[in-house]
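Each chain, letter by letter, is given below.
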Amino acid sequence: MTEIEKLQRAKMYIDKLANGVDPINDVPVADTEIINNVRISRCLFYVSDILKQVIDNNGVVANSKSSKRPFFFPIEKADQFPISPTPIPISEIVKQFNELVETENCCKLSTTAITDWLVEIDALKIITTDKGSNVKRPTENGSKLGILTDMRTGMYGEYTVVLYDKEAQQFILDNIDGILDHANTKKKAECENQGLAWTPEHEKYLIDMFNKNTPISEIASSLKRTRGSIRARLKKIGLID
């Protein structure tokens, strides 16, 4: 077994542990086990990210100051979070989180991380507008949590804005650990093949999709790899410069 293969196996074990699965027999462990503690899980995901970087770098530890760890919100900061007495948009909530955390060495929290989780728990739903764009709107459960909509007028006419009252803001703050875990798990699933060897089938699919002018982002999503790795492979096989 090569060193890269050892790293790939170690990453596989850590990924399973991070997702609450016994890496030996692939059986989910009980929710009460320490491995399912959200802080332990988050640390394991962080270690998995580091291993992926090493694997992607052919087994060499990259010395990059630009490498940032996933967003992390310390529990002791919760008391400092300013709950607005009036409803505010999700962008303002995210801004408050990022202002409370030193983001020089970690990624910033995104609005998508929160809204995707709210969709997952049936507090928001995705609908298609008359213009064909997808937007997120509160469900009945979301309305009960304090998520509401308001009509406003801008330079292009009326538009709908989704707002979060103080109860909804508190709900998001109380569940920030779960939100971050969901975002990290989703990211892992989207790039689960990253670092693995390219198979002939995957390379053929890559070439076919590229020749059909399929967007890089769509190819990456289909092959569960990052856009950077797709471009690197296309360059290696001579399809792009």
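Attention here is on the structure that accompanies the text. (Residues numbered from 1 in each chain as written. Predicted model: local features only at pLDDT ≥ 70, side-chain atom pairs only at ≥ 80, totals over all residues. Heavy atoms only, no water.)

Okay, a nonpolar patch on the surface next. A contiguous nonpolar patch, built from Tyr46, Val47 and Ile50 and spanning about 230 Å² of accessible area, is present on the exposed surface. For valine 47, the location among the structural elements is in helix α2 (residues 38-56). Looking at valine 47, the relative accessible area reads 37%, which means it is partly exposed. (Patch = residues over 30% accessible without salt bridge, like charges linked within 9 Å, V, L, I, M, F, W, Y side chains within 5 Å. Areas by Shrake-Rupley, 256 points an atom, 1.4 Å probe, with all protein chains shown as cover. Salt bridge = Lys/Arg side-chain N within 4 Å of Asp/Glu carboxyl O. Helix = DSSP H or I, 4+ residues; strand = E, 2+ residues; numbered from the N terminus. Buried < 20%, exposed > 50% of the residue type's maximum accessible area, 1.4 Å probe, protein only.)

Looking now at the packing of aromatic side chains. Applying the stated criterion across every chain, the model contains three aromatic pairs. With a centroid separation of 4.7 Å and an interplanar angle of 45 degrees, the aromatic rings of phenylalanine 81 and phenylalanine 97 are classed as tilted. Within this pair, whereas phenylalanine 81 is found in the loop between α2 and α3 (90-100), its partner phenylalanine 97 is found in helix α3, the two being separated by 16 residues in sequence. This pair shows no difference in class: phenylalanine 81 is buried, exactly as phenylalanine 97 is. Among the aromatic residues, ring-to-ring pairing joins Phe73, Phe81 and Phe97 into one connected group. (Phe/Tyr/Trp six-rings, centres within 6.5 Å; stacked < 30°, edge-to-face > 60°.)

A separate point is the nonpolar core. If you look at the biggest cluster of nonpolar residues, it comprises 27 residues, and the most contacted ones within it are Phe73, Ile93, Phe97, Leu109, Ile114 and Tyr164. Sorting the residues of this core by element identifies α3, α4 (111-120), β4 (157-164), α6 (166-174) and α7 (176-190) as the ones contributing at least two each. Element by element, the count of residues in this core is highest for α3, at five residues. When sequence neighbours within four positions are dropped, the list of residues in contact with phenylalanine 73 reads Arg42, Ala78, Phe97, Leu100, Val101, Leu173, Ile176 and Leu180. Counting eight residues, the second largest nonpolar core, distinct from the first, contains Leu206, Met209, Ile219 and Ala220. (Core = buried A, V, L, I, M, F, W, Y, C linked by side-chain atoms within 4.5 Å. Contact = heavy atoms within 4.5 Å.)

With that settled, consider the pairing of strand β1 (residues 124-128). Strand residues, when the strand is regular, have side chains that alternate between the two faces of the sheet. Where β1 and strand β2 (residues 134-138) come together, five bridges link them in antiparallel fashion. Counted as the bridge partner of threonine 128 is asparagine 134 from β2. Turn length for the β1-β2 hairpin, with the two strands adjacent in sequence and antiparallel, is five residues, and the turn residue glycine 132 shows positive phi of about 90 degrees. (Pairing = 2+ DSSP bridges.)

Pairing of strand β3 (residues 147-154) with β4, which is carried by eight bridges, proceeds in the antiparallel orientation. Of the residues in β4, the one forming a bridge with leucine 148 is leucine 163. The antiparallel pairing of β3 with β4 creates a hairpin that spans two residues between the two strands.

Of note in this structure, aspartate 26 is not a glycine but carries a positive phi near 60 degrees. Mapped onto the secondary structure, aspartate 26 falls in the loop between α1 (3-18) and α2. The backbone of asparagine 213 shows a phi angle near 60 degrees, a positive value even though the residue is not glycine. Looking at where asparagine 213 falls in the secondary structure, it is placed in the loop between α8 (200-211) and α9 (216-223).

Once that is clear, we can look at the pattern of salt bridges. Using the criterion set out here, one finds seven salt bridges in the structure. For the salt bridge of lysine 144 with glutamate 140, the shortest nitrogen-to-oxygen distance reads 3.8 Å. Note that lysine 144 and glutamate 140 are positioned in helix α5 (residues 140-145) at a spacing of four residues, about one turn of the helix. One exposure class covers both lysine 144 and glutamate 140, and it is exposed. For the salt bridge of arginine 233 with glutamate 203, the shortest nitrogen-to-oxygen distance reads 2.7 Å. Note that arginine 233 is positioned in helix α10 (residues 227-236) and glutamate 203 in helix α8, a separation of 30 residues in sequence.

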